[in-house]
Amino acid sequence: MRRILITGSNRGIGLELVRLYLQQADTLIFATCRQPATADELNTLANPYAGRLKIIQLDVTDQGSIDGALQLVSRETDGLDMLVNNAGILPGGIAATEATAAHFGALEVDAMTEVFRVNTVAPIMIAQHFIHLLRKGHHPRIINISSDAGSIALRDSGINYSYAASKAALNMLTRGLASDLHPDGVIVTSIHPGWIQTDMGGPTATRTPDETLPTMVKVIDRLTLEDTSSFFNWDGSRIPW
Ligand SMILES: NC(=O)c1ccc[n+]([C@@H]2O[C@H](COP(=O)([O-])OP(=O)(O)OC[C@H]3O[C@@H](n4cnc5c(N)ncnc54)[C@H](OP(=O)(O)O)[C@@H]3O)[C@@H](O)[C@H]2O)c1
């Protein structure tokens, strides 16, 4: 049985990843989210996939919540085959309407810090807490859902300062972790899911989740240790750091 933990799985890309991995035979999904009680779409999956879907409370910025989630997961399994660090924020959405996190001249410490807490600090803290389970996994992997906005090489505008910098920093953590965990056989990559119609991507995004995520799942599932420390696009092509 393939054991997979996904953060931010109550909506958007995380929810779609839960659906796609449940459709695969022999998977056990730890679908984590901040508020399981109101995660209606996630809860509707609990019946058809009873026994293979565990919905677990996890606010990725809350230490107590991470500890609690680890306890619950550890009760169910002694190993984890994949961690998907998906939860993320882009204040004001793609139009960067929340200027305090996005626009030079209006930036504020608290708004910027919150973006870094969710998009950068949380993924590494969660990896740190769950690593002993991943080390016992089968072809284990940590997938950091990044963004092409975090590519320093592709950057040619200043918009969305916090979001872009938080994803660039996440990419740096991918590289560091990939190096540290290579001896344990744990694959670590960043992947850009495409510009997708979710609450974050907005209605004008170029693609729907259906159009990119089944392909992205195939890319994730085909990864080997040779691919560790890479930055992929959803279709398997490489994105420059
Ligand atoms: N959509 C795109 O076009 C696009 C493009 C590039 C990269 N990405 C990346 O893809 C990932 C998912 O994005 P999305 O489009 O699905 O966004 P979304 O629809 O806005 O969903 C974001 C998810 O993250 C969760 N989240 C936020 N803060 C959290 C916290 N402190 N603890 C736990 N969960 C938290 C949200 O939970 P709540 O419901 O509780 O807020 C929600 O489940 C993000 O990392 C994003 O940066 C998206």
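Since this is a predicted model, take the numbers as computed values, not measurements.

### What to know about the nonpolar core
Residues Leu 5, Val 18, Ile 29, Ala 31, Leu 83 and Val 84 are the most contacted members of the largest nonpolar core, which totals 64 residues. Of the residues forming this core, the biggest block, 8 residues, is contributed by helix α5 (residues 109-135). Look past the residues within four positions of Leu 83 in its chain and what remains in contact with it is Leu 5, Ile 126, Ala 127, Phe 130, Leu 134 and Ile 142.

### Concerning helix α6 (residues 161-181)
In a regular helix each residue adds 1.5 Å, so 21 residues correspond to 30 Å; α6 covers 30 Å between its end C-alpha atoms and thus fits that length. For α6, the set of buried residues is Ser 162, Tyr 163, Ala 164, Ser 166, Lys 167, Leu 170, Asn 171, Leu 173, Thr 174, Leu 177, Ala 178 and Leu 181. In this structure, the buried residues of α6 make contact with α4 (99-102), α5, β5 (141-145), β6 (187-192) and β7 (231-233).

### Concerning the environment of Ile 191
Considering the arrangement of structural elements, one finds Ile 191 in strand β6. Classification of Ile 191 by C-beta neighbours within 10 Å gives buried; the count is 23. Taking the C-alpha atoms as reference points, Ile 191 and Val 219, separated by 28 residues in sequence, lie 9.5 Å from one another. What Ile 191 contacts, discounting residues up to four positions off in sequence, is Ile 143, Ile 145, Ser 146, Met 216, Ile 220, Phe 232 and Trp 234.

### Remarks on the site of the ligand
Close to the ligand lie 29 residues, the nearest being Gly 8, Gly 12, Gly 88, Thr 198 and Gly 201. In terms of residues, the shell around the ligand owes the most to one element, helix α1 (residues 12-23), which gives 3 residues.

### Some points on the sheet that holds β6
Taken together, 7 strands build an open sheet; the order of strands is β3-β2-β1-β4-β5-β6-β7 and the sheet is parallel. At either end of the open sheet lies a strand with only one pairing partner, and these are β3 (53-57) and β7. Neighbour-to-neighbour, the strand axes of the sheet open up by a mean angle of 20°, direction not taken into account. Where strand β1 (residues 2-6) meets strand β2 (residues 27-33), 5 bridges bridge the pair, whose relative direction is parallel. Counted as the bridge partner of Leu 5 is Phe 30 from β2.

Basis of the calculations
- Residues numbered from 1 in each chain as written.
- Predicted model: local features only at pLDDT ≥ 70, side-chain atom pairs only at ≥ 80, totals over all residues.
- Core = buried A, V, L, I, M, F, W, Y, C linked by C-beta atoms within 7 Å.
- Buried ≥ 20, exposed ≤ 12 C-beta atoms within 10 Å, placed from the backbone.
- Helix = DSSP H or I, 4+ residues; strand = E, 2+ residues; numbered from the N terminus.
- Contact = placed C-beta atoms within 7 Å.
- Expected span 1.5 Å × (residues − 1).
- Near = placed C-beta within 6 Å.
- Pairing = 2+ DSSP bridges.
- Axes fitted to C-alpha atoms, helices over the stretch in contact; angles between N-to-C directions.

By themselves these figures say nothing about function.
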